[in-house]
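Working through the structure, step by step
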Amino acid sequence: MKIIIGIGGVTNGGKTTLTNRLLGTLPNCCVVHQDDFFKKPDQIEVGEDGFRQWDVITALDMEAMVSTVRGWQENPVKFARSHGVCLSPGAEECDSSKEERIHILIVEGFLIYNYKPLIDAYDKCFYISLPYEECKRRRSTRTYTVPDPPGLFEGHVWPMYLKHRKEMESNCDRIEYLDGLTSKDDIYDHVFGSIQNALLNS
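Below or above, wherever it landed, is the structure these notes cover. (Residues numbered from 1 in each chain as written. Predicted model: local features only at pLDDT ≥ 70, side-chain atom pairs only at ≥ 80, totals over all residues. Heavy atoms only, no water.)

1. Some details on the sheet that holds strand β4 (residues 124-129)
- The strand order across the open sheet formed by 5 strands is β2-β3-β1-β4-β5, and the pairing between neighbours is parallel. One side of each edge strand has no neighbouring strand; the edge strands of this open sheet are β2 (29-33) and β5 (175-179). Direction aside, neighbouring strands of the sheet carry axes that sit 20 degrees apart on average.
- Here 7 bridges tie strand β1 (residues 2-9) to strand β3 (residues 103-109), and the two strands are oriented parallel to one another. (Pairing = 2+ DSSP bridges. Helix = DSSP H or I, 4+ residues; strand = E, 2+ residues; numbered from the N terminus. Axes fitted to C-alpha atoms, helices over the stretch in contact; angles between N-to-C directions.)

2. Describing the packing of helix α5 (residues 132-140) against helix α6 (residues 152-171)
- Packing of α5 against α6 leaves a shortest axis separation of 12 Å and a crossing angle of 115 degrees. Between α5 and α6 the crossing geometry is right-handed. Contact residues: α5 offers Y132, C135, K136 and R139, while α6 offers L152, F153, E154, V157 and W158. (Left-handed = near helix turned anticlockwise from the far one by under 90°. Contact = heavy atoms within 4.5 Å.)

3. A look at the nonpolar core
- Ranked by internal contacts, the top residues of the largest apolar core, which has 36 residues, are I4, M65, L105, V107, Y113 and Y122.
- Taken together, the elements giving at least two residues each to this core come down to β2, α2 (62-74), α3 (76-82), β3, α4 (116-119), β4 and α6.
- Per element, the largest residue contribution to this core is 6 residues, and it comes from α6.
- When near neighbours in sequence (up to four residues on either side) are disregarded, L105 contacts I3, I4, I5, C30, V31, V32, V69, W72 and F79.
- In this structure, I7, I102, F126 and I195 belong to the second largest nonpolar core, which totals 19 residues. (Core = buried A, V, L, I, M, F, W, Y, C linked by side-chain atoms within 4.5 Å. Buried < 20%, exposed > 50% of the residue type's maximum accessible area, 1.4 Å probe, protein only.)

4. Points about the environment of H190
- Within the secondary structure layout, H190 lies in helix α7 (residues 184-201).
- In sequence terms H190 and D49 are 141 residues apart; their C-alpha atoms lie 38 Å from each other.
- In this view, H190 contacts E176 and L178; residues no more than four positions away in its chain are not counted.

5. Here's the deal with the pairing of β3
- Of all 7 residues in β3, 7 are buried, a share of seventy percent or more.
- In β3, alternate side chains face the same way, and those of H103, L105, V107 and G109 on one face and I104, I106 and E108 on the other are all buried.
- As defined by bridge partners, β2 adjoins β3 across 5 bridges and the pair is classed as parallel. Across the sheet, residue C30 finds its bridge partner in β3, namely L105.

6. What about the packing of aromatic side chains?
- Tallied over the entire structure, the rule returns 10 aromatic pairs.
- With a centroid separation of 5.5 Å and an interplanar angle of 55 degrees, the aromatic rings of Y132 and F153 are classed as tilted. Taken together, the positions of Y132 in helix α5 and F153 in helix α6 put the pair 21 residues apart, joining distant regions of the chain.
- The class of F153 is buried, set by a relative accessible area of 6%.
- Seen from their ring centres, Y132 and W158 are 5.2 Å apart, and the 85 degrees between their planes marks the pair as edge-to-face. Placement of the pair is Y132 in helix α5 and W158 in helix α6, with a sequence separation of 26 residues.
- For W158, a relative accessible area of 12% puts it in the buried group.
- Here the guanidinium or amino end of R21 rests over the ring plane of Y188, the centre of that ring lying 4.1 Å away. (Phe/Tyr/Trp six-rings, centres within 6.5 Å; stacked < 30°, edge-to-face > 60°. Lys NZ or Arg CZ within 6 Å of the ring centre and 35° of its normal.)

7. Remarks on the packing of helix α1 (residues 15-25) against α7
- Following both chains from N to C, one finds α1 and α7 inclined at 50 degrees, their axes separated by 10 Å at the closest point. With respect to their mutual orientation, α1 and α7 come out oblique. Pair α1 / α7 crosses with right-handed handedness. Residues T17, L18, R21, L22 and T25 of α1 pack against K184, D185, I187, Y188, V191, F192 and I195 of α7. (Parallel < 35°, antiparallel > 145°, perpendicular 65-115°, else oblique.)

8. Considering the pattern of salt bridges
- All told, the structure shown has 8 salt bridges when counted by the stated rule.
- The closest approach of N and O atoms between K136 and E154, which form a salt bridge, is 3.0 Å. In this pair, K136 is assigned in helix α5 and E154 in helix α6, connecting sequence segments 18 residues apart.
- Judged by its relative accessible area of 30%, K136 falls in the partly exposed class.
- A salt bridge links R165 to E169, with the shortest nitrogen-to-oxygen separation between them at 2.8 Å. (Salt bridge = Lys/Arg side-chain N within 4 Å of Asp/Glu carboxyl O.)

Don't take any of this as a statement about function, it's just geometry.
Take a look at the structure:
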(Lines give C-alpha, C1' and ligand atoms only; values in the text may rest on other atoms or scores of the structure.)
Protein backbone atom coordinates (compact mmCIF):
# COMPACT_ATOMS: atom_id res chain seq x y z
CA MET A 1 0.00 0.00 0.00
CA LYS A 2 1.32 3.42 -0.99
CA ILE A 3 0.37 6.80 0.43
CA ILE A 4 1.66 10.28 -0.49
CA ILE A 5 1.48 13.10 2.05
CA GLY A 6 1.92 16.77 1.17
CA ILE A 7 3.40 19.08 3.80
CA GLY A 8 3.24 22.63 2.54
CA GLY A 9 3.38 25.97 4.23
CA VAL A 10 4.71 29.46 4.56
CA THR A 11 8.47 30.06 4.70
CA ASN A 12 9.88 29.20 8.17
CA GLY A 13 6.54 27.73 9.25
CA GLY A 14 8.04 24.45 10.48
CA LYS A 15 7.60 22.18 7.43
CA THR A 16 11.05 20.59 7.63
CA THR A 17 10.87 20.10 11.41
CA LEU A 18 7.53 18.32 11.07
CA THR A 19 8.73 16.27 8.08
CA ASN A 20 11.87 15.09 9.87
CA ARG A 21 9.87 14.01 12.89
CA LEU A 22 7.40 12.06 10.74
CA LEU A 23 10.30 10.41 8.89
CA GLY A 24 11.51 9.08 12.22
CA THR A 25 8.16 7.56 13.21
CA LEU A 26 6.31 6.44 10.06
CA PRO A 27 7.13 3.03 8.54
CA ASN A 28 9.05 2.82 5.24
CA CYS A 29 8.92 6.58 4.83
CA CYS A 30 10.80 8.58 2.17
CA VAL A 31 10.79 12.32 1.49
CA VAL A 32 11.06 14.61 -1.51
CA HIS A 33 12.07 18.19 -0.58
CA GLN A 34 10.95 20.86 -3.05
CA ASP A 35 13.98 22.99 -2.10
CA ASP A 36 16.20 20.37 -3.78
CA PHE A 37 14.72 21.39 -7.14
CA PHE A 38 15.65 25.07 -7.23
CA LYS A 39 17.35 26.12 -10.45
CA LYS A 40 20.84 27.63 -10.35
CA PRO A 41 21.04 31.29 -9.20
CA ASP A 42 21.96 32.48 -12.72
CA GLN A 43 18.72 30.95 -14.05
CA ILE A 44 16.55 32.93 -11.61
CA GLU A 45 15.01 36.01 -13.21
CA VAL A 46 14.95 39.46 -11.64
CA GLY A 47 11.35 40.63 -11.38
CA GLU A 48 9.64 44.00 -11.61
CA ASP A 49 9.99 44.23 -7.82
CA GLY A 50 13.78 44.33 -8.33
CA PHE A 51 14.40 41.01 -6.58
CA ARG A 52 15.52 37.65 -7.91
CA GLN A 53 12.34 35.60 -8.23
CA TRP A 54 13.11 32.71 -5.86
CA ASP A 55 9.57 32.47 -4.52
CA VAL A 56 7.79 31.55 -7.75
CA ILE A 57 7.12 28.20 -9.41
CA THR A 58 9.41 28.97 -12.39
CA ALA A 59 12.40 29.09 -10.01
CA LEU A 60 11.96 25.34 -9.57
CA ASP A 61 12.47 22.41 -11.93
CA MET A 62 8.99 21.03 -11.32
CA GLU A 63 9.19 18.44 -14.09
CA ALA A 64 12.20 16.87 -12.37
CA MET A 65 10.33 16.94 -9.07
CA VAL A 66 7.28 15.21 -10.56
CA SER A 67 9.45 12.55 -12.17
CA THR A 68 11.12 11.92 -8.77
CA VAL A 69 7.68 11.42 -7.19
CA ARG A 70 6.70 9.12 -10.07
CA GLY A 71 9.88 7.13 -9.52
CA TRP A 72 8.75 6.48 -5.95
CA GLN A 73 5.23 5.56 -7.12
CA GLU A 74 6.61 3.02 -9.58
CA ASN A 75 8.93 1.31 -7.10
CA PRO A 76 8.97 2.58 -3.50
CA VAL A 77 11.36 -0.18 -2.39
CA LYS A 78 13.96 0.70 -5.02
CA PHE A 79 13.49 4.42 -4.31
CA ALA A 80 13.98 3.89 -0.56
CA ARG A 81 17.14 1.86 -1.12
CA SER A 82 18.64 4.44 -3.49
CA HIS A 83 17.93 7.18 -0.91
CA GLY A 84 19.42 5.26 1.99
CA VAL A 85 16.10 4.64 3.76
CA CYS A 86 16.00 1.57 6.00
CA LEU A 87 12.89 -0.48 5.29
CA SER A 88 10.98 -2.55 7.86
CA PRO A 89 11.71 -6.27 7.71
CA GLY A 90 9.11 -7.71 5.34
CA ALA A 91 8.48 -4.42 3.51
CA GLU A 92 8.98 -6.22 0.21
CA GLU A 93 7.17 -9.46 1.08
CA CYS A 94 3.60 -10.05 -0.08
CA ASP A 95 2.81 -12.25 2.91
CA SER A 96 4.06 -9.79 5.55
CA SER A 97 1.75 -7.82 7.83
CA LYS A 98 -0.19 -4.89 6.42
CA GLU A 99 1.90 -2.38 8.40
CA GLU A 100 5.17 -3.66 6.97
CA ARG A 101 3.82 -3.35 3.43
CA ILE A 102 2.87 0.31 3.85
CA HIS A 103 5.10 2.72 1.91
CA ILE A 104 4.85 6.43 2.63
CA LEU A 105 6.22 9.40 0.67
CA ILE A 106 6.26 12.90 2.15
CA VAL A 107 6.44 15.74 -0.38
CA GLU A 108 7.55 18.87 1.46
CA GLY A 109 7.81 22.44 0.22
CA PHE A 110 6.38 25.93 -0.08
CA LEU A 111 4.69 25.57 -3.50
CA ILE A 112 3.66 21.92 -3.52
CA TYR A 113 -0.02 22.78 -4.06
CA ASN A 114 0.62 25.15 -6.97
CA TYR A 115 1.51 22.61 -9.65
CA LYS A 116 -1.35 20.55 -11.04
CA PRO A 117 0.54 17.31 -11.83
CA LEU A 118 1.60 17.11 -8.18
CA ILE A 119 -1.73 18.00 -6.58
CA ASP A 120 -3.38 14.89 -8.02
CA ALA A 121 -0.76 12.64 -6.39
CA TYR A 122 -1.49 13.49 -2.74
CA ASP A 123 -3.56 11.28 -0.44
CA LYS A 124 -3.28 13.76 2.46
CA CYS A 125 -2.59 17.49 2.28
CA PHE A 126 -1.33 19.64 5.18
CA TYR A 127 -0.41 23.32 5.21
CA ILE A 128 1.25 25.33 8.00
CA SER A 129 0.33 29.02 8.23
CA LEU A 130 1.91 31.88 10.17
CA PRO A 131 0.94 35.54 10.62
CA TYR A 132 3.13 38.18 8.96
CA GLU A 133 5.04 39.41 12.04
CA GLU A 134 5.99 35.94 13.30
CA CYS A 135 6.99 34.79 9.83
CA LYS A 136 9.19 37.86 9.38
CA ARG A 137 10.77 37.34 12.82
CA ARG A 138 11.61 33.69 12.11
CA ARG A 139 12.92 34.45 8.64
CA SER A 140 15.27 37.11 10.03
CA THR A 141 16.87 34.57 12.40
CA ARG A 142 17.68 32.06 9.62
CA THR A 143 20.97 31.94 7.70
CA TYR A 144 20.52 31.26 3.99
CA THR A 145 23.14 30.15 1.47
CA VAL A 146 22.09 33.15 -0.60
CA PRO A 147 21.43 35.82 2.11
CA ASP A 148 18.19 37.82 1.89
CA PRO A 149 18.85 41.32 0.51
CA PRO A 150 17.23 44.16 2.49
CA GLY A 151 13.50 44.43 1.84
CA LEU A 152 13.17 40.97 0.24
CA PHE A 153 10.67 39.67 2.79
CA GLU A 154 8.29 42.65 2.57
CA GLY A 155 8.85 43.32 -1.13
CA HIS A 156 8.84 39.78 -2.56
CA VAL A 157 8.55 36.83 -0.17
CA TRP A 158 5.33 37.83 1.63
CA PRO A 159 3.48 39.23 -1.43
CA MET A 160 4.32 36.00 -3.32
CA TYR A 161 3.15 33.91 -0.37
CA LEU A 162 -0.24 35.69 -0.37
CA LYS A 163 -0.57 35.32 -4.14
CA HIS A 164 0.31 31.61 -4.12
CA ARG A 165 -1.85 30.87 -1.12
CA LYS A 166 -4.89 32.29 -2.91
CA GLU A 167 -4.02 30.25 -6.00
CA MET A 168 -3.51 27.12 -3.88
CA GLU A 169 -6.88 27.51 -2.16
CA SER A 170 -8.62 27.49 -5.51
CA ASN A 171 -6.48 24.57 -6.77
CA CYS A 172 -6.96 22.17 -3.88
CA ASP A 173 -9.89 21.83 -1.48
CA ARG A 174 -8.49 18.87 0.49
CA ILE A 175 -5.95 20.79 2.55
CA GLU A 176 -5.88 20.55 6.35
CA TYR A 177 -4.63 23.91 7.66
CA LEU A 178 -2.31 23.96 10.68
CA ASP A 179 -1.59 26.95 12.90
CA GLY A 180 2.19 27.44 12.95
CA LEU A 181 1.90 29.35 16.26
CA THR A 182 0.80 26.20 18.13
CA SER A 183 3.52 23.99 19.61
CA LYS A 184 5.59 21.68 17.42
CA ASP A 185 4.29 18.77 19.49
CA ASP A 186 0.65 19.69 18.88
CA ILE A 187 1.21 20.06 15.14
CA TYR A 188 3.02 16.72 14.99
CA ASP A 189 0.36 14.93 17.07
CA HIS A 190 -2.42 16.25 14.83
CA VAL A 191 -0.69 15.29 11.58
CA PHE A 192 0.48 11.90 12.85
CA GLY A 193 -3.04 11.08 14.07
CA SER A 194 -4.57 12.16 10.77
CA ILE A 195 -2.13 9.97 8.80
CA GLN A 196 -2.79 6.99 11.11
CA ASN A 197 -6.53 7.38 10.50
CA ALA A 198 -5.98 7.47 6.74
CA LEU A 199 -3.91 4.29 6.93
CA LEU A 200 -6.50 2.51 9.06
CA ASN A 201 -9.36 3.51 6.77
CA SER A 202 -7.67 2.61 3.50
